[in-house]
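Structural characterization, general
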Amino acid sequence: EALMPLGLDPHAFEPTPQDVVRLSSAPIIVMNGAGLETWLEPLLKNLSSGQQVITASAGLTPRTPQPGEFPAGEQAAAAEIDPHFWLNPLNVIRYVENIRDGLIQADPAGKDTYSANAAAYIEQLKALDAEIQTQVEQIPPARRLLVTNHESFGYFADRYGFKIIGAIIPSVTTGSSPSARELAALVDAIRASEAPAIFLETGSNPNLADQIAAETGVKVVTDLYTHSFSAPDGPASTYLNMMRYNANRIVEALK
């Protein structure tokens with residue numbers, strides 16, 4: 001059961017009283033960690049001793065931003081922890097291992113089932129990684145440039161050989177707002193790099209992206225899924241489908 005409804009931004013989510021009740025009655029709670037769910041952290045202090053919290057990203061090392069990723073505000077952005085580990089499928093192997101181990105701890109009798117299912121899913125993640133690598137090869141190396149709504153694609157970029165030119169919101173959270181100086185620096189970076197597109201996640205306000213596009217002539221892609229799946233009949237109904245869909249959209253825009 002997912003606490004957050006589809007389509008909501010985890011950076012800005014605010015739980016309802018009903019959500020707090022659901023949380024307090026859950027024997028096992030799985031969270032991303034790394035500062036993504038700031039709204040959840042105070043609620044965890046009130047859990048009963050019998051509830052178990054699994055931090056899916058535990059053990060992963062946060063990335064260090066590449067030089068030039070933030071044309072303005074570089075120092076502040078570099079100090080943030082990027083929680084978007086899941087946009088590199090190989091990081092999700094650690095998620096699966098952590099969740100598997102947590103479930104075994106809570107339910108030792110199910111160890112064989114959890115272990116077998118985890119092993120099968122890890123193989124799917126490895127296959128997904130190889131599939132995305134093959135797709136990205138369609139993009140000339142000089143065009144493997146990412147401009148995003150906020151700083152969320154760093155792990156994806158590191159894994160698949162992209163260079164991050166910048167983000168409209170130069171932060172790993174959508175809760176910040178860019179200054180005029182930061183927007184001007186991003187426009188200059190786009191022009192200098194000749195980045196072809198700006199990529200937004202679904203639900204993002206496109207106004208600033210449209211303004212930048214009007215100044216630079218880049219296209220705006222508005223329908224990536226990064227923080228939430230689509231509806232069950234949509235293109236990103238599972239993690240595997242979400243990553244395939246995002247990779248396809250990025251390749252289409254840049255190749």
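Anything mentioned here points back to the structure above.
This section reports on the structure supplied with the text. (Residues numbered from 1 in each chain as written. Predicted model: local features only at pLDDT ≥ 70, side-chain atom pairs only at ≥ 80, totals over all residues. Heavy atoms only, no water.)

Of the regular secondary structure elements, the protein holds nine helices and six strands. In terms of overall dimensions, the protein has a C-alpha envelope of 60 × 40 × 35 Å along the principal axes. Within the protein, the proportion of its 255 residues that are buried is 47%. Long-range pairs, those at least 24 residues apart, make up 64% of the contacts in the protein with a sequence separation of at least 6. (Helix = DSSP H or I, 4+ residues; strand = E, 2+ residues; numbered from the N terminus. Buried < 20%, exposed > 50% of the residue type's maximum accessible area, 1.4 Å probe, protein only. Contact = heavy atoms within 4.5 Å.)

For the rest of this paragraph, the subject is the nonpolar core. Counting 41 residues, the largest nonpolar core has Leu 146, Phe 156, Phe 162, Phe 199, Tyr 239 and Ile 250 as its most contacted members. The set of elements that each furnish at least two residues to this core consists of helix 4 (89–106), helix 5 (111–136), helix 6 (154–160), strand 5 (197–201), strand 6 (219–224) and helix 9 (239–254). A per-element tally of this core places helix 9 first, with 10 residues. Those residues in contact with Tyr 239 that lie beyond four places of it in its chain are Trp 86, Asn 88, Pro 89, Val 92, Tyr 121, Leu 125, Leu 128 and Phe 229. Core analysis: the second largest hydrophobic core is formed by 16 residues, Ala 189, Ala 195, Ala 209 and Val 218 among them. (Core = buried A, V, L, I, M, F, W, Y, C linked by side-chain atoms within 4.5 Å.)

Within the structure shown, the criterion is met by six aromatic pairs. For the pair Phe 153 and Phe 156, a centre-to-centre distance of 5.5 Å together with 85 degrees between the ring planes defines the contact as edge-to-face. For the pair Phe 153 and Phe 156, a shared accessibility class is recorded, and that class is buried. Joined through ring pairs, the aromatic side chains of Phe 153, Phe 156, Tyr 160 and Phe 162 make up one cluster. (Phe/Tyr/Trp six-rings, centres within 6.5 Å; stacked < 30°, edge-to-face > 60°.)

Here we come to the packing of helix 5 against helix 9. Two numbers describe how helix 5 lies on helix 9: the axes approach to 10 Å, and their chain directions differ by 5 degrees. By the angle between their axes, helix 5 is roughly parallel relative to helix 9. On the side of helix 5, the interface is formed by Tyr 121, Gln 124, Leu 125, Leu 128, Glu 131, Ile 132, Gln 135 and Val 136, while helix 9 contributes Tyr 239, Leu 240, Met 243, Arg 244, Ala 247, Asn 248 and Val 251. Of the residues assigned to the contact of helix 5 with helix 9, the class counts are 10 nonpolar, three polar and two charged. (Axes fitted to C-alpha atoms, helices over the stretch in contact; angles between N-to-C directions. Parallel < 35°, antiparallel > 145°, perpendicular 65-115°, else oblique. Nonpolar A, V, L, I, M, F, W, Y, C, P; charged D, E, K, R; others polar.)

This paragraph deals with the pattern of salt bridges. Any two side chains of opposite charge can pair, on the condition that their charged atoms come close. Inspection of every chain in the model, using the stated rule, returns 11 salt bridges. For Arg 63, the salt bridge is made with Asp 158, and the minimal N-O distance between the two is 2.8 Å. Of this pair, Arg 63 sits in the loop between strand 2 (52–55) and helix 3 (74–78) while Asp 158 sits in helix 6, and the two are 95 residues apart along the sequence. Residue Arg 63 is classed as buried on the basis of its relative accessible area of 11%. Classification of Asp 158 by relative accessible area gives partly exposed; the value is 39%. The partner of Lys 126 in a salt bridge is Glu 123, with the nearest N and O atoms 3.7 Å apart. Here the residue Lys 126 and the residue Glu 123 both occupy positions in helix 5, the gap between them amounting to three residues, near one helical turn. Residue classification places Lys 126 among the partly exposed residues on the basis of a relative accessible area of 44%. In this structure Glu 123 comes out as partly exposed when scored by relative accessible area, which is 49%. What emerges from the salt-bridge pattern is a single network uniting Glu 1, Asp 19 and Arg 22. (Salt bridge = Lys/Arg side-chain N within 4 Å of Asp/Glu carboxyl O.)

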